[in-house]
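Survey of secondary and tertiary structure
Next come the chains, spelled out residue by residue.
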Amino acid sequence: MKDPFHFQWHITNLCNLRCEHCYQDDFSKKRDLDWSELKKISDNLLNTIKEWDQKACIHVTGGEPLLRPELFHLLDHLDQQSEVEELGIITNGLLMDRERMIKLSDFPKLKKIKISLDGADAETNDAIRSKGAFEKVMQNLSLIRREKRFEIILMFTVMKKNFRNLPFFFKLCQDNGIDGLIIERFIPLGKGRGITSEVLRKEEWNEMIGMLFHFFLTEGEQNSVLPYQAFQISFTGEEPELLGAPCVIGVDGLCIMPGGSVFPCRRLPISIGNLLETPLKEIWEKSEILEKLRRKESLKGKCGRCEMKECRGCRSLAFALTGDCLGEDPHCRYGDV
């Protein structure tokens with residue numbers, strides 16, 4: 001059996017927050033699909049997964065997925081499909097009350113709850129997400145933790161105003177029984193285009209990686225982590241473990257948008273098809289954009305010349321800052337003098 005194929009399924013743009021770095025610019029439900037359309041997409045992607053002799057790992061998100069009543073119907077349906085190996089929820093954490101926790105606990109394959117938090121204190125987080133968000137999320141984390149049912153993973157988007165808060169965030173995770181942490185870079189899309197100045201400079205991205213090396217007492221050259229476009233930290237062992245997160249674009253993952261459109265990645269907003277109209281297999285195998293993104297020789301600048309064959313740089317950041325998804329990764333310092 002092959003490794004799981006990863007889907008990030010955005011079932012709505014509707015959200016109860018307006019985070020300043022959000023990659024959305026539409027916060028309505030005008031693209032929301034009804035149950036029959038959601039099931040059509042589910043059948044489409046799972047038919048292809050079955051044909052590929054794979055399993056699917058599906059993380060459902062939004063907007064804020066808990067604002068959609070159809071969420072629980074969808075999770076119930078996906079939980080019963082043999083092609084689905086694991087389910088997860090990506091949420092802002094503000095609506096995780098006792099009633100919703102009981103409902104979510106009914107789905108055996110729903111194993112992970114991922115919650116966005118962008119600071120180790122209210123001052124840092126709430127300046128990005130909204131006043132009162134930090135306190136509410138911390139309360140709800142206690143509720144989830146008491147259930148001892150889900151793996152809790154926090155998601156931290158690094159930008160100029162918060163990346164030096166990371167060491168304190170590591171301690172917050174350890175002190176609060178958090179299972180994992182995902183660190184992603186800020187990509188200026190949607191609402192976030194208004195604060196492009198918050199994108200880390202390459203020197204600051206390198207400084208952040210240095211923080212990771214220091215915290216984990218990791219030995220080795222920082223060039224060794226260049227292929228990783230994000231980082232994941234596990235706190236479940238005796239000691240925290242730092243894991244790289246290679247780019248999934250064109251390899252083993254896709255993003256599904258509220259109206260059924262497919263993006264190579266949520267932070268690479270280029271539609272390569274719609275699952276209401278086209279089989280996933282056809283989109284995956286015949287997309288010209290995906291084919292270019294898979295080939296190192298298609299990349300421009302030093303990314304195309306680089307001898308690190310397993311690294312393609314961050315295509316999303318290149319697109320957001322240069323308008324060209326094949327452009328040189330603005331963060332990469334490899335080969336700089």
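Below is a summary of the structure that appears in this document. (Residues numbered from 1 in each chain as written. Predicted model: local features only at pLDDT ≥ 70, side-chain atom pairs only at ≥ 80, totals over all residues. Heavy atoms only, no water.)

**Some words on unusual backbone geometry**
Put simply, the rule reads: Under the scheme used here, helices are H or I runs from DSSP no shorter than 4 residues and strands are E runs no shorter than 2 residues, and both carry numbers assigned from the N terminus. In this scheme, a residue with accessible area under 20% of its type's maximum is buried, one over 50% is exposed, and one in between is partly exposed, where area comes from a 1.4 Å probe on protein chains only.
Going from Gly-62 to Gly-63, the amide bond is cis rather than trans, its omega being 25 degrees. Its location among the elements puts Gly-63 in the loop between strand E2 (56-61) and helix H2 (70-79). One non-glycine residue with positive phi stands out, namely Asp-53, at about 60 degrees. Inspection of the secondary structure puts Asp-53 in the loop between helix H1 (35-51) and E2. On the basis of relative accessibility, which here comes to 47%, the residue Asp-53 falls in the partly exposed class. At Ser-130, a position not held by glycine, the phi torsion is positive, near 155 degrees. By the element assignment, Ser-130 lies in the loop between helix H4 (122-126) and helix H5 (133-147).

**Details of the packing of helix H6 (residues 166-175) against helix H7 (residues 202-216)**
Geometrically, a packed helix pair is captured by the angle between its two axes and the distance between the axes. This is how it is decided: Interaxial angle, 0 to 180 degrees, is taken between N-to-C directions of lines fitted to C-alpha atoms, where a helix line uses only the stretch in contact. Put simply, angles under 35 degrees are roughly parallel, angles over 145 are roughly antiparallel, angles from 65 to 115 are roughly perpendicular, and the rest are oblique. Note on convention: near helix rotated counterclockwise from far helix by under a right angle means a left-handed crossing. Clockwise means right-handed. Here, residues are in contact when the closest pair of their heavy atoms is within 4.5 Å. Here the nonpolar group is Ala, Val, Leu, Ile, Met, Phe, Trp, Tyr, Cys and Pro; Asp, Glu, Lys and Arg are the charged ones; every other residue, Gly included, is treated as polar.
One way to put it is that H6 packs onto H7 with a least axis distance of 10 Å and a crossing angle of 45 degrees. As the angle between them shows, H6 and H7 are arranged oblique. For the pair H6 and H7, the crossing hand works out as right-handed. Contacts between H6 and H7 pair Leu-166, Pro-167, Phe-170 and Gln-174 from the former with Met-208, Met-211, Leu-212 and Phe-215 from the latter. Its residues assigned to classes, the contact of H6 with H7 shows seven nonpolar, one polar and no charged.

**Some thoughts on the packing of aromatic side chains**
Rules: The pairing test for Phe, Tyr and Trp rings, Trp by its six-membered ring, is centres within 6.5 Å, and the orientation test on the planes gives stacked under 30 degrees, edge-to-face over 60, and tilted for anything in between.
Per the stated rule, a full pass over the model turns up eight aromatic pairs. Ring geometry for Phe-170 versus Phe-215: centroids 4.3 Å apart, planes at 40 degrees, classification tilted. Linking Phe-170 in helix H6 with Phe-215 in helix H7, this pair joins segments that are 45 residues apart in sequence. For Phe-170, a relative accessible area of 0% puts it in the buried group. For Phe-215, a relative accessible area of 28% puts it in the partly exposed group.

**Looking at the pairing of strand E1 (residues 5-10)**
Put simply, the rule is: For two strands to be treated as a pair, DSSP must find at least two bridges joining them. Look down the strands so they point away from you; if the path from the first strand over the helix to the second goes clockwise, the crossover is right-handed.
By the bridge criterion, six bridges tie E1 to E2 in an arrangement that is parallel. Along E2, the bridge assignment pairs Phe-5 with Ala-56. Chirality of the crossover, the property in question, places the unit of E1, H1 and E2 among those that are right-handed. Bridge count for E1 against strand E9 (residues 253-256) is four bridges, and the pairing is parallel. Following the sheet pairing, His-6 is matched in E9 by Gly-253.

**Observations regarding the environment of Leu-254**
Among the secondary structure elements, Leu-254 is positioned in strand E9. Setting aside anything within four residues of it in sequence, one finds Leu-254 in contact with Phe-5, His-6, Phe-7, Gln-8, Val-262, Phe-263, Pro-264, Ile-272, Leu-280 and Trp-284.

**What about the environment of Gly-192?**
With respect to the secondary-structure elements, Gly-192 resides in the loop between strand E6 (180-185) and H7. Separated by 172 residues in sequence, Gly-192 and Glu-20 have C-alpha atoms that sit 5.9 Å apart. When sequence neighbours within four positions are dropped, the list of residues in contact with Gly-192 reads Glu-20, His-21, Cys-22 and Phe-186.

**Things to note about the side chain of His-59**
Selection rule: Under this definition, polar contacts are N or O atom pairs within 3.5 Å; protein pairs additionally need one hydrogen-donor-capable and one acceptor-capable atom, and for neighbouring residues in sequence, both atoms have to be side-chain atoms.
Following the sequence through the fold, His-59 ends up in strand E2. Looking at His-59, the relative accessible area reads 8%, which means it is buried. Among the polar contacts listed, one links the side chain of His-59 to the side chain of Lys-114, at a separation of 3.4 Å. Setting aside anything within four residues of it in sequence, one finds His-59 in contact with Phe-7, Gln-8, Trp-9, Glu-86, Gly-88, Ile-89, Ile-90, Lys-112 and Lys-114.

**Things to note about the pattern of salt bridges**
Note the following rule: Salt-bridge detection follows one rule: a side-chain nitrogen of Lys or Arg within 4 Å of a carboxyl oxygen of Asp or Glu.
Throughout the structure, instances matching the rule amount to 20 salt bridges. Among the salt bridges present, the one from Asp-32 reaches Arg-68, with a minimum N-O distance of 3.6 Å. With a gap of 36 residues between them, Asp-32 in the loop between E1 and H1 and Arg-68 in the loop between E2 and H2 connect regions that are remote in the sequence. One exposure class covers both Asp-32 and Arg-68, and it is buried. Among the salt bridges present, the one from Glu-203 reaches Arg-201, with a minimum N-O distance of 3.8 Å. Through salt bridges that share partners, Glu-291, Arg-294, Arg-295 and Glu-297 make up one connected network.

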